[in-house]
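Remarks on the overall topology
Residue-level listing of the chains:
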Amino acid sequence: MNQTTRHSILLFTFIYLLAGNVAAQRISFGLYTADDIVLTPLNLGILNFNDKQPIILSGETVTINLTDNAVTILTIEGRADMDVTLTIDAPATLDLDVTNIIPVAIRFAYSNSGATTDITARASAIEVPAGFTSVTFPIKRRTSGLPAPPPTPGQTGYSGPTGTAYLFLYGTFGQVPVNAAAGNYTGNINIHVEYSKY
Amino acid sequence: MKILKHIRCLFILLLVHTSMMLSAQNKTSVSIKAQATVIDRSGIELITLKNMDIDLSMARDGKIYVSALHDAQAAFMMVKGRANARFRIKYAPEVYITNSTGNGTLLLKYEMYGYPSDNQGAGEPIDATEKILQMSNESKYYFWIGGRIDISNARPGNYDGEFTIEIEYM
């Protein structure tokens, strides 16, 4: 009877320790990253296809390219030596109502070259291939050399170096159906960014 | 001793859970609005079915009034477009009509009524400032145009003028 009881306790202890070891990696990264990522739209926070083509008629397709002025720009400010994972949840259509919908394909690019303006950042932007919805990159990329040692965790009296990366949104609207109803077609692009966990 | 181990393991589990909650807050989200305004390619056709007829016999105390709602002399127009489409309308509320001999002008102040079918008496008043209307199932909308004119100082002759109206899909 005593023998059976001892075996049970040992087994439970082993399971708990196993769980603690697996999650220990999350503790070390999750605690010091804190909530210091700031995602800020630089323009009105609107990707407006009429900025590229003021009059959009049925049968037409409008494409905003990375180099166009109509691109929507956001900044990502955070720890320069940390990787961030960016996820974009974009609609497949812009909608006037439930029956009037027009396809849209949202693309995005990022720039982590350490540029101080969106103009210079755009020149070095990296386009994420169509169809991808998530990308991981450091806030500021290395120019050369081996990877740096793990970053020093933030603590009282110390905060690591910060940097700014840029995000560019663009894409293609249409083809507008021939019988499309006139009106303002809209949709929301949700963007999430967080420090990467490995 | 075994109880102490249990407590320590539970503490680790609690710490793991807490750290996962903390990391869940470490995330920034922004919503960007994507939009495009599409304009209808199909045109709107404006057809004048009848001009406004005014003659001196209608004058009272030197003034003529043609009711857009009741008078047969009112001008009659029809808009053809897309069925049930909403459209925006505005028009110039007054116009100077000119004597065909070039001798003087008169100020004509318009009034306008509209209805989705050919029923003058059922029309609704339409202000000169912008108004939003809707085509009928038959892709039509009808307008009747009347007006007021002071002819007390008018020289004899024929007077001609235009009615300026703007219509566009919404």
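Sequence order sets the numbering: in each chain, residues are counted from 1 along the sequence as written. Note on labels: chains are lettered from A, ligands numbered from 1, in written order. Under the rules for a predicted model, residues below a pLDDT of 70 receive no local features and side-chain atom pairs below 80 are neither given nor counted, while totals for whole chains, interfaces and linings still include all residues. Hydrogens are left out, water is left out, and the side-chain values use all remaining heavy atoms of the structure.

Remarks on the overall build of chain A
- In this text, helices come from DSSP runs of H or I with a minimum length of four residues, and strands from runs of E with a minimum of two, each type numbered from the N-terminal end. Secondary structure summary: chain A contains two helices and twelve strands in total.
- The rule is simple: take the accessible area with a 1.4 Å probe, protein chains only, and divide by the maximum for that residue type; under 20% is buried, over 50% is exposed, in between is partly exposed. A buried classification covers 39% of the 198 residues belonging to chain A.
- Pairs at least 24 residues apart make up 81% of the contacts formed inside chain A by residues separated by at least 6 positions.
- Under the convention used here, a 1.4 Å probe and the Shrake-Rupley method define accessible areas, while residue burial counts only the protein chains that appear. Total accessible area computed for chain A in this model is approximately 10800 Å², and 58% of it derives from carbon and sulfur atoms. Two residues qualify as a contact provided that any one of their heavy atoms is within 4.5 Å of a heavy atom in the partner residue.

Describing the confidence of the model for chain B
Residues and elements named next belong to chain B.
- Model confidence for chain B is summarised by a mean pLDDT of 79, while 83% of its residues fall at 70 or above.
- Residue-level confidence of the predictor is what pLDDT reports, using numbers from 0 through 100. Within chain B, the lowest mean pLDDT, 41, falls on helix α1 (residues 2-25), and the highest, 92, falls on strand β8 (residues 124-125).
- Predicted confidence is poor over residues 6-26, with pLDDT under 50, and the contacts of this stretch with residues over four places away or in other chains come to 26 contacts.
- Under the prediction, the complex receives an ipTM of 0.78, its pTM being 0.56.

Some remarks on the side chain of S111 of chain A
Residue and element names in this part refer to chain A.
- Structurally, S111 can be placed in strand β8 (residues 101-111).
- Residue classification places S111 among the buried positions, given a relative accessible area of 1%.
- In the analysis that follows, any N or O atom pair within 3.5 Å is treated as a polar contact, provided that within protein one partner can donate a hydrogen and the other can accept it, and provided that, for residues neighboring in sequence, both atoms belong to side chains. Side-chain polar atoms of S111 contact the side chain of S124, separated by 3.2 Å.
- Among all residues touching S111, those that are not within four sequence positions of it are A121, S124, A125, A165, Y166 and F168.

What about the pairing of strand β10 (residues 134-138) of chain A?
Residue and element names in this part refer to chain A.
- Side chains of β10 alternate between two faces, with V135 and F137 buried and S134, T136 and P138 left unburied.
- When DSSP locates at least two bridges between a pair of strands, those strands are taken to pair. Note that strand β6 (residues 83-89) and β10 share five bridges and pair antiparallel. By the bridge assignment for β10, T87 is matched with S134.

So, the nonpolar core
- Counting 51 residues, the largest nonpolar core has F49, I76, L86, F168, F173, I189 and I191 of chain A as the members making the most contacts within it.
- Elements with a minimum of two residues in this core: β4 (62-64), β5 (72-79), β6, β8, β10, β11 (162-173) and β12 (183-195) of chain A together with β1 (27-39) of chain B.
- The biggest single contributor to this core is β11 of chain A, with seven residues.
- When neighbours within four sequence positions are excluded, F173 of chain A is seen to be in contact with F49, I56, E60, T61, V62, L94, I102, P103 and V104 of chain A together with A36 and V38 of chain B. Among buried residues, the Ala, Val, Leu, Ile, Met, Phe, Trp, Tyr and Cys ones that are joined through side-chain atoms within 4.5 Å form a nonpolar core.

Observations regarding the sheet that holds strand β5 (residues 86-91) of chain B
All names here are of chain B.
- Spatial ordering of the open sheet is given by β9-β5-β12, a layout of three strands whose pairing is antiparallel. For this open sheet the edge positions go to β9 (131-134) and β12 (165-169), each flanked by a neighbour on one side alone. In this sheet, adjacent strand axes meet at a mean angle of 30° when their direction is disregarded.
- The pairing of β5 with β12 spans five bridges and is antiparallel. Bridged to I89 within β12 is I167. The angle between two axes is taken between their N-to-C directions and runs from 0 to 180 degrees, where each axis is a line fitted to C-alpha atoms and a helix contributes only its stretch in contact.

Details of the packing of aromatic side chains
All names here are of chain B.
- Here a pair means two rings of Phe, Tyr or Trp (six-membered ring of Trp) with centres within 6.5 Å. Their orientation is stacked below 30 degrees between planes, edge-to-face above 60, and tilted elsewhere. Going through the model one piece at a time under the given rule, you end up with nine aromatic pairs over all chains.
- Through a chain of ring-to-ring contacts, three or more aromatic side chains come together here, namely F76, Y142 and W144.
- Two limits define a charge over a ring: the Lys NZ or Arg CZ must be within 6 Å of the ring centre, and within 35 degrees of the ring normal. Its guanidinium or amino end placed over the ring of Y65, R148 lies 4.0 Å from that ring's centre, counting from NZ or CZ.

Examining the pattern of salt bridges
- Each reported salt bridge corresponds to a side-chain nitrogen of Lys or Arg within 4 Å of a carboxyl oxygen of Asp or Glu. Enumeration according to the criterion identifies six salt bridges over all chains in this entry.
- The partner of E127 of chain A in a salt bridge is R107 of chain A, and the shortest N-O contact between them spans 3.7 Å. Of this pair, E127 of chain A sits in strand β9 (residues 126-127) while R107 of chain A sits in strand β8; the two residues are 20 residues apart in sequence, bridging distant segments of the chain.
- Three or more residues joined by partner-sharing salt bridges are found here, namely R88, E130 and E168 of chain B.

A closer look at the environment of P93 of chain B
Residue and element names in this part refer to chain B.
- By the element assignment, P93 lies in the loop between β5 and β6 (94-99).
- On the basis of relative accessibility, which here comes to 44%, the residue P93 falls in the partly exposed class.
- In sequence terms P93 and A128 are 35 residues apart; their C-alpha atoms lie 5.4 Å from each other.
- When near neighbours in sequence (up to four residues on either side) are disregarded, P93 contacts L108, K109, Y110 and A128.

Observations regarding the confidence of the model for chain A
All names here are of chain A.
- Confidence in the prediction for chain A averages 83 pLDDT; 82% of positions are at 70 or higher.
- Residue range residues 1-5 is modelled with pLDDT below 50. Its contacts to residues more than four positions away, or to other chains, number zero contacts.
- Low pLDDT, under 50, characterises residues 15-34; the predicted model gives this stretch 26 contacts beyond four residues in sequence or across chains.

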